[in-house]
Amino acid sequence: MRKLMTLLTVALTTLSFVSFAQVKNGKVSGTVIDGSAKTIESATITLLRAKDSSVAKMGVADRTGKFSFDGITDGIYMVSISAVGHEKGFSEIFEITPSNLNITLKTIELIPVAKSVGGVTVTSKKPLIEQRVDRTIVNVEASVTNVGNSALEVLEKAPGVSVDKDGNISLKGKAGVVIYIDGRPAYLSGADLANMLRSMNASQLEQIEIMTNPPAKYDAAGNSGVINIKTKKNKQFGYNGSVTTGYTQGRHARFNESFNFNYRQGKVNLFTNLSYNRNHRSQELFITRNFREVVSKDIISMFDQRSDMENQNHYYNAKVGVDYSASKKTTLGVVLNGFYNPSIWESRTNTFIYEPNGDLRSQTNTYTRNDSKWKNFSGNFNFRTVLDSAGQELTGDVDYIEYRSTSVQPLYSFYFDKFGVPSGTPDTLLGDLPQDITIKSGKLDYTLPLKGGAKFEAGIKTSFVTTDNNAVYDNVFGGQHILDSARSNHFVYDENINAAYVNYSRKLGKKWDGQFGLRVENTNAKGNSKGYEYNAAEDRFVPAEKTFERNYTQLFPTAYLQYTANEKNQFVINYGRRINRPDYGSLNPFIHFLDRYTFEQGNPNLKPQFAHNIELKHTYAGFLTTTINYTSTDDIIQQVLEQNEATNETFIKQANIASLEQVGLSVSAYKQIKKWWSGNVYANVYHNHFKGVVNGDNISIGIATLIVQAQQQFKLGKGWSAEVSGFYRTKGVEGVIFIRPIAQVNAGFSKQIMKNNASVRLNVRDIFAMQVFKGYSKYSNVDAEFKNVNDNRTVSISFTYRFNKGKLKAGSSKKNGGASDEESRVKAGGN
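Residues numbered from 1 in each chain as written. Predicted model: local features only at pLDDT ≥ 70, side-chain atom pairs only at ≥ 80, totals over all residues. Heavy atoms only, no water.

Enquirer: Is there a simple way to explain the overall build of the chain in this structure?
Expert: Of regular secondary structure, the chain possesses four helices and 47 strands. Each of the 831 residues in the chain was classed as buried or not, and the buried ones make up 54%. Look at the contacts in the chain between residues 6 or more apart in sequence, and 67% of them connect residues 24 or more apart. (Helix = DSSP H or I, 4+ residues; strand = E, 2+ residues; numbered from the N terminus. Buried < 20%, exposed > 50% of the residue type's maximum accessible area, 1.4 Å probe, protein only. Contact = heavy atoms within 4.5 Å.)

Enquirer: Would you explain a nonpolar patch on the surface in this entry?
Expert: A grouping of Tyr239, Tyr263, Val268, Leu270, Val320, Tyr324, Leu332, Val334, Leu336, Phe377, Phe381 and Val398 is seen on the molecular surface, where their side chains present a nonpolar patch of about 940 Å² in accessible area. Counting only elements with at least two residues in the nonpolar patch, the list comes to strand S20 (268–292), strand S21 (299–325), strand S22 (330–354) and strand S23 (360–386). The element contributing the most residues to the nonpolar patch is S22, with three residues. Topologically, Leu336 is positioned in strand S22. (Patch = residues over 30% accessible without salt bridge, like charges linked within 9 Å, V, L, I, M, F, W, Y side chains within 5 Å. Areas by Shrake-Rupley, 256 points an atom, 1.4 Å probe, with all protein chains shown as cover. Salt bridge = Lys/Arg side-chain N within 4 Å of Asp/Glu carboxyl O.)

Enquirer: Got a minute to help me understand the packing of aromatic side chains in this structure?
Expert: Tallied over the full model, the rule gives 25 aromatic pairs. Between Tyr239 and Phe261, the aromatic rings sit 6.4 Å apart at their centres with planes inclined by 25°, giving stacked as the arrangement. One end of the pair, Tyr239, is in strand S18 (residues 238–249); the other, Phe261, is in strand S19 (residues 253–265), with 22 residues separating them in the sequence. For Tyr239, a relative accessible area of 34% translates into the label partly exposed. Three or more aromatic residues joined by ring pairs form one cluster here, namely Tyr239, Phe259, Phe261 and Phe803. The ring of Tyr776 has Lys778 lying over it, and the distance from NZ or CZ to the ring centre is 5.9 Å. Its end group placed over the ring of Phe286, Lys787 keeps NZ or CZ at 5.2 Å from the ring centre. (Phe/Tyr/Trp six-rings, centres within 6.5 Å; stacked < 30°, edge-to-face > 60°. Lys NZ or Arg CZ within 6 Å of the ring centre and 35° of its normal.)

Enquirer: Explain the side chain of Arg254 here, please?
Expert: Relative to the helices and strands, Arg254 is located in strand S19. A polar contact is formed between the side chain of Arg254 and the backbone oxygen of Asp791, at a distance of 3.0 Å. Apart from the residues within four sequence positions on either side, Arg254 is in contact with Glu153, Gly246, Tyr247, Thr248, Arg278, Asn279, His280, Arg281, Asp791 and Thr794. (Polar contact = N/O pair within 3.5 Å; in protein donor to acceptor, adjacent residues only side chain to side chain.)

Enquirer: Even after reading the chapter, I still don't get the environment of Asn656, so can you show me in this structure?
Expert: Checked against the element boundaries, Asn656 lands in strand S37 (residues 649–674). Judged by relative accessible area, which is 22%, Asn656 ranks as partly exposed. Not counting the four nearest positions on each side in its chain, Asn656 is found in contact with Asn605, Leu606, Lys607, Asp635, Ile636 and Ile637. Within the local environment of Asn656, its side chain forms a polar contact with the backbone nitrogen of Lys607, the two atoms lying 2.8 Å apart. Of note is the side chain of Asn656, whose polar atom sits 2.8 Å from the backbone oxygen of Asp635.

Enquirer: How should I be thinking about the pattern of salt bridges in this particular structure?
Expert: Pairing between side chains of opposite charge can happen when their charged atoms approach one another. All told, the structure shown has 21 salt bridges when counted by the stated rule. Residue Glu521 pairs with Arg581 through a salt bridge whose shortest N-O separation is 2.8 Å. Of the two residues, Glu521 sits in strand S30 (residues 512–535) while Arg581 sits in the loop between strand S32 (569–580) and helix H4 (584–587), which places them 60 residues apart along the sequence. Note on accessibility: Glu521 and Arg581 belong to one class, buried.

Enquirer: I would appreciate a short explanation of the environment of Ser307 in the present structure.
Expert: Its place among the elements puts Ser307 in strand S21. Apart from the residues within four sequence positions on either side, Ser307 is in contact with Gln283, Glu284, Leu285, Ser347, Arg348 and Thr349. Looking at Ser307, its side chain comes within polar contact range of the side chain of Thr349, at 2.7 Å.

Enquirer: How should the nonpolar core be read in this particular structure?
Expert: One broad rule of soluble globular proteins: the nonpolar side chains tend to lie buried together. Counting residues in each nonpolar core, the largest one holds 44 residues, and the members touching the most others are Leu155, Ile169, Ile179, Leu197 and Ile227. Sort the elements by how many residues they give to this core and helix H2 (residues 151–156) lands first, with four residues. Residues in contact with Ile227, not counting those within four places in the same chain, are Leu155, Val161, Ile169, Val177, Val178, Ile179, Tyr180, Ile208, Glu209 and Ile210. Core analysis: the second largest hydrophobic core is formed by 29 residues, Val694, Ile699, Ile701 and Val736 among them. (Core = buried A, V, L, I, M, F, W, Y, C linked by side-chain atoms within 4.5 Å.)

Enquirer: Whenever I open this one, the pairing of S32 confuses me. Can you help?
Expert: Looking along a regular strand, one sees the side chains alternate between the two faces of the sheet. Where strand S31 (residues 540–564) meets S32, seven bridges bridge the pair, whose relative direction is antiparallel. Note that in S32 the partner of Thr564 across the bridge is Gln570. Taking the residues between adjacent antiparallel strands as the criterion, S31 and S32 are bridged by four residues. For S32 and strand S35 (residues 609–620), the ladder comprises twelve bridges, and the chain directions are antiparallel. What sits directly across from Ile579, in S35, is Phe610. (Pairing = 2+ DSSP bridges.)

Enquirer: Would you mind showing me how to read unusual backbone geometry here?
Expert: Here Lys297, not a glycine, exhibits a phi torsion of approximately 65°, which is positive. Note on placement: Lys297 falls in the loop between S20 and S21. Residue classification places Lys297 among the partly exposed residues on the basis of a relative accessible area of 30%. Look at Lys755: it is not a glycine, yet its phi comes out positive at around 55°. Mapped onto the elements of the fold, Lys755 is located in the loop between strand S43 (742–753) and strand S44 (758–765). The exposure class of Lys755 is exposed, given its relative accessible area of 66%.

Enquirer: What's the story with the pairing of strand S14 (residues 177–181) in this structure? I'm lost.
Expert: When you tally the buried positions in S14, you get five out of five residues, the bulk of the element. Burial of S14 is two-sided: the residues Val177, Ile179 and Ile181 facing one way and the residues Val178 and Tyr180 facing the other way are all buried. Both S14 and strand S17 (residues 225–231) contribute to a ladder of five bridges, which runs parallel. Looking across to S17, one finds that Val177 is bridged to Gly225. Here two bridges tie S14 to strand S15 (residues 184–185), and the two strands are oriented antiparallel to one another. Looking at the pairing, Ile181 lines up with Arg184 of S15. The turn joining S14 and S15, which pair antiparallel and follow one another in sequence, is formed by two residues; a positive phi near 55° is taken by Asp182.

Following this line, the structure appears as structure tokens:
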């Protein structure tokens, strides 16, 4: 690691000298007017690099609407113009070369929108979907049908994203997505991540960024890519904010409230977000299982099981931050965030056990309850400093995050014969499952613009994660608690990841652009499990301790090649190597009970999986994007079922079961069909082929799946708008589990009221109740089918009131420090 740091320092020093030799003689000028041909004074003018929309320079138009930029290096650019009361405008793309140094742009016309009323400026609406070279952006508020939804439900509607019945997220048919919140890894996975996203409301979200092959500056984690969820933060001067309240009715009532406030004056920007979400949901799970003899595969017994589950939780979230402009070139920032999430989950399960001939053998009724409390606190210190006029920039972050949870789970089981007469003694199992997670991380990123529009980036990062899980199970006999040694376990996992990266981008010709990156990650992990194991000689459980270590260093190259054939056709090919490390909880060998016969168990022998991703993308006329992708994954981590025929028990666990090969084709189109009608359609067809060994048997499973997603938006006039959205997914496979077709249709309306200072939105989700998860798994001696009916069909209404006093200050800088590098469509500082 020390050698790597030395080499990186030498590279940064050498290239910083190169920057002084840049030649910057280019000049661009133009004029901006409004829709009535009047000039606009004091409009904000931004010079953007056409390749990635990063900011090269910023300025202000004069009283006559004229503007100019001097000292521009060679490269391809465009100009963005914004002014209060107008929609944003853009110039044509132009190129500065030694033979073409002076550019005069065509007059740019901005379209006026509704005037300021009562101190509130009504701005134009962002498109629902934005396509970038390396990512897809979803603007959450642009969709009426997001009203009342959770963050997980919003993700479910994003292009290429799928969410299964347990809340696991996949992208383009591949599991292993890493979730970021405001540019920082969430450090949660599985059920814990799903619960957090279910507790976040759409009113807290601004954008969702989807990156299937992220650049080298992002962590290499995530087999199928990275999804960055950006929460709201206003950049307006003066004070401004909003208040939102919402009500959702499904089988049960749900409520959400949020308050956003921002105050920016002089060198200081203060911001806060407070939110509350009360969630109450129910679902039914139906499972049929045939237990077969291992050798003959004859049926030994049959299970018919129904579980009625109900979940209630309260989610309190608070975020407060401050940015301070220490100088014109340096900004410092502090962000504090925390949430408190108490919940109660209950499940009542009836299990009927049949003989092979179909005669009822016995029944079991179980009741389990999980009283849990999640607490989170995170603190971030960030800085951004511009080193010189050439655009050299250094940003840094220090993060501290902790999660603390308690979970008390009793399991009561009652046994009956085939006539319903009690048989056997009821038993009670009590589980106390606290969990602590602590994350400490620090990172530095450096950017150096070079001659001809080239750019060099480099950075380092280190993180330390500790998870502490202490599962204590007691059996209750005659009112006495007796430790269940076979199930109790104390598991501590420590992980340290050290990383460094370099990234270089430049023009390779008149029509070619390239970006090449390399990231190295050094992983050091250690797990310690203190539990009990059975000693046959003593005929009892004795204390036992097991440890494991993982130490490895891996390289993760990325490459992007872009070819602009003409103004309507653009091609991009990219490659990236990714890693998906096992979830912290999946490494923990302790057992979690779903019911008397179904358990989840961790696997400390899990290894990381590695994937090679290749994509070829074509964009036509800025609205139609077609992508062909190929992925090869080794040691893929998937959920498998293991059965114990003697006890009729089924264990669900993660395992490195196989290799995966995927070939896919996706098409995305966004079109302004009429002035009042716009639409977005996304279609993805892919073929997944799993091949490996599961439970000692060779498997080879392959199937093609089609996903179609669509949103149609309508402006009805007089402040009214409407939207219809939905998706359909054909039969697919996730490891060894086949998922049958599923669909959803949503509709919503929105109305601006109170002189455009407020809005009311109405949304109906899953109108036809088609989002029912059905599937099956048949391999080796496993033969199971399931159906999961969730509380998805809902009606939501929300009210939002916006207030402000102030305006966007021309040429103002915005926070770009911290791990959250992207703040809006334009990435300041060239990130």
